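Chain by chain, the residues:
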Amino acid sequence: ATTLAGAAQEKGRYFGTAVAANRLSDSTYVGILNREFDSVTAENEMKIDALEPNQNQFVYTNADRIVNHAINQGKKVRGHTLAWHSQQPGWMQNMSGSTLRNAMLNHVTRVATYYRGKIHSWDVVNEAFADGSSGARRDSNLQRTGNDWIEAAFRAARAADPGAKLCYNDYNTDNWQHAKTQAVYRMVQDFKSRGVPIDCVGFQAHFNSGNPVPNNYHTTLQNFADLGVDVQITELDIEGSGTSQAEQYRGVTQACLAVARCTGITVWGIRDTDSWRASGTPLLFDGGGNKKAAYHAVLAALGGSSTNPP
Ligand code: G3I
C-alpha cells in the first residue's frame, strides 16, 4: 500500500487524523485527508462548548460537516469528547453538585444518541487524572460531583449508543512508571472488575523534548490491553524535525503494531501549519502538504511503500 490508511488496513488497523471544520474548504488539506486517512476526529467541533452552547440547545452544524464528510468518504469517526473539565460552555462552568451531574449526563445521553451508529469509538471522559506524582483525580467541577462521575458517564454513553466503543482518553500516560499511568490503569482494572462498560483506552501521545516517547511505551500499551480493553493512540504529534522526529514516529507506530489490541493511530492534524502547537513542526506533512521524513518512517513501519513525487 502507498498510503497510511491503506498500509494500516493491511495490518488490521486504522490511521486517522484530527480534522477542523473550517479547513474543509482547503483543497490541499482535503486532498491529503481523503487520500491518506480512514478515520477522523473532530479537533474541537464535538466538544461540550461547541455542541451545547446554551443548556439543552444542541448545535451540530460544524460537527456534522466533519462527520458527513467522513461518512461520505467511507471513513470511521472517533467522537471527542463527551465529558471533560475543559471546553465547557459558560453555563456549565459554574455549575456544581447534582445539577452539574445531571447536566453532564444529559449531554452524554443527547449527543451519543444523536450520533448513534455513526461513531466508531467515543472518548467518553477526557483527562480526568492529575499530572505529577499524586496519582489522584484532577480537581474539577465534575470531580467534585463525586468520584463516580466517570463510571456514570460511561453507563450513560453505553445506554445511548450500545454499538460504539467507549474509551477513557488522557495524556502523559505513556510512561509505565508514571503515577498518572498507574492511576488510570487501576481505574480501568476496577471498571473491568465491576462491569463498568469500558472498551478502550486512548493515549493522546503529545510528545516533545521534555516529554519524549518512553522506552517502555510498548509495555504500557500491552499492560492496558491485558486488562481486556483495546488501546488506541488518539492525538499523536511529536515536536522536532528530520531523522530524530522520524525515528520517534517509527517507534510509536511499531509499539502499536506490536500490541494486538492496539487498533489504530490518530495524528492530531495533517500539516504542521494545522497543528494546535502554533510554532512547531510536529506532524507528518509540512505546511505545503509535502510528505516529511516522519511520514515515510510511519508508512514504512506500517509495511507500506513510499511513492516518489513526480
Ligand atoms: O474558534 C475560536 C475563534 O472564534 C476565536 O477567535 C479564537 C480566539 O482565541 O479562538 C478560537 O477557538 C480556539 C479553538 O482551538 C479553535 O481554533 C480556542 O481558543 C482554542 O482554545 C482551541 O484550542 C484547542 C484546544 O484543544 C482546546 O482545548 C485546539 O485547537 C485543539 O487542538 C486542542 O486539542 C486538545 C484535545 O482536545 C485534548 N487533548 C489535548 C489537545 C491539545 O491541546
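Note that the structure is a prediction, hence the values are computed from the model and not measured.

1. So, the state of the cysteines
Put plainly, a disulfide is one covalent bond tying together the sulfur atoms of two cysteines.
And step 1. In total, this model carries two disulfides according to the counting rule given.
And step 2. The disulfide partner of Cys167 is Cys200, and the gap between their sulfur atoms is 2.1 Å. Classification of the bridge connecting Cys167 and Cys200 rests on its S-S torsion, roughly -90 degrees, and on that basis the disulfide is left-handed. Residue Cys167 is found in strand E5 (residues 165-170), and its partner Cys200 is found in strand E6 (residues 200-203); the two are separated by 33 residues along the sequence. Residue Cys167 shares its accessibility class with Cys200, and that shared class is buried.
And step 3. Residue Cys256 pairs covalently with Cys262 via a disulfide, S to S 2.0 Å. Taking the torsion about the sulfur-sulfur bond, which here is approximately -100 degrees, the covalent link between Cys256 and Cys262 counts as left-handed. For the residue pair Cys256 and Cys262, the accessibility class agrees, reading buried in each case.

2. Topic: the pairing of strand E8 (residues 230-238)
And step 1. Extensive coverage of E8 is indicated by the burial of nine of its nine residues.
And step 2. Of the pairings in the sheet, the one linking E6 to E8 comprises four bridges and is parallel in character. What sits directly across from Phe203, in E8, is Ile233.
And step 3. Note that strand E7 (residues 206-207) and E8 share two bridges and pair parallel. Bridging from a neighbouring strand, His206 pairs with Asp237 of E8.
And step 4. What joins E7 to E8 is helix H9 (residues 217-225), and the crossover it makes is right-handed.
And step 5. For the crossover from E8 across helix H10 (residues 242-257) to strand E9 (residues 262-267), the handedness is right-handed.

3. Points about the UniProt feature "active site" (unreviewed entry) in the protein chain
And step 1. Look at the UniProt record and you will see "active site" (unreviewed entry) annotated at Glu235.
And step 2. Relative to the elements of secondary structure, Glu235 occurs in strand E8.
And step 3. Separated by 2.7 Å, the side chains of Glu235 and His206 make a polar contact.

4. Points about unusual backbone geometry
And step 1. Here His80 and Thr81 are connected by a cis peptide whose omega angle stands at 0 degrees.
And step 2. One can find Thr81 in strand E3 (residues 76-84).
And step 3. Notably, Glu127 is not glycine yet its phi reads approximately 60 degrees, a positive angle.
And step 4. By the secondary structure assignment, Glu127 is in the loop between strand E4 (121-126) and helix H7 (149-160).
And step 5. Taking the relative accessible area as the measure of exposure, Glu127 reaches 11% and is therefore buried.
And step 6. Despite not being glycine, Ala205 shows a phi value in the positive range, around 65 degrees.
And step 7. One can find Ala205 in the loop between E6 and E7.
And step 8. On the basis of relative accessible area, Ala205 is assigned to the buried category, the value being 1%.

Reading guide: rules and limits
Residues numbered from 1 in each chain as written. Predicted model: local features only at pLDDT ≥ 70, side-chain atom pairs only at ≥ 80, totals over all residues. Heavy atoms only, no water. Disulfide = S-S within 2.5 Å. Helix = DSSP H or I, 4+ residues; strand = E, 2+ residues; numbered from the N terminus. Buried < 20%, exposed > 50% of the residue type's maximum accessible area, 1.4 Å probe, protein only. Pairing = 2+ DSSP bridges. Right-handed = clockwise from strand over helix to strand, strands pointing away. UniProt positions renumbered as here; feature names shortened; annotations may be inferred. Polar contact = N/O pair within 3.5 Å; in protein donor to acceptor, adjacent residues only side chain to side chain.

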